[in-house]
Amino acid sequence: MTQEELALRVGTQKSSISRFESGIDNPTLDFLVKVAKSMGKELHIKIKQSDPE
């Protein structure tokens, strides 16, 4: 899938997808959910307690 195709599915600009892929932008949770859904996936977030040092 091209950045343009993904942008159309997500409802955003191609530049937003490019910045996301390159790590320039810090995406919102809403943006990540839209990206996942546009690819037929679900977003699952797991918060894990770190091991004590």
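For the structure itself, consult the block above.
Residues numbered from 1 in each chain as written. Predicted model: local features only at pLDDT ≥ 70, side-chain atom pairs only at ≥ 80, totals over all residues. Heavy atoms only, no water.

### A short note on the overall build of the protein
Reasoning step 1: The secondary structure content of the protein amounts to three helices and zero strands.
Reasoning step 2: Counting from the amino terminus, the protein carries its helices and strands in the arrangement α-α-α.
Reasoning step 3: Over its C-alpha trace the protein gives a radius of gyration of 14 Å, far above what one expects of a compact globule, namely 10 Å for 53 residues.
Reasoning step 4: Taken along the three principal axes of its C-alpha coordinates, the protein extends 45 × 25 × 15 Å.
Reasoning step 5: Taking all 53 residues of the protein together, 17% fall into the buried category.
Reasoning step 6: Of the contacts made within the protein by residues no fewer than 6 positions apart, 25% connect residues no fewer than 24 positions apart.
Reasoning step 7: Accessible surface, the protein as shown: approximately 4,700 Å² in total, 49% of it carbon and sulfur. (Helix = DSSP H or I, 4+ residues; strand = E, 2+ residues; numbered from the N terminus. Rg over C-alpha atoms; globule rule 2.2 N^0.38 Å. Buried < 20%, exposed > 50% of the residue type's maximum accessible area, 1.4 Å probe, protein only. Contact = heavy atoms within 4.5 Å. Areas by Shrake-Rupley, 256 points an atom, 1.4 Å probe, with all protein chains shown as cover.)

The quantities given are spatial measurements derived from coordinates; they are silent on function.
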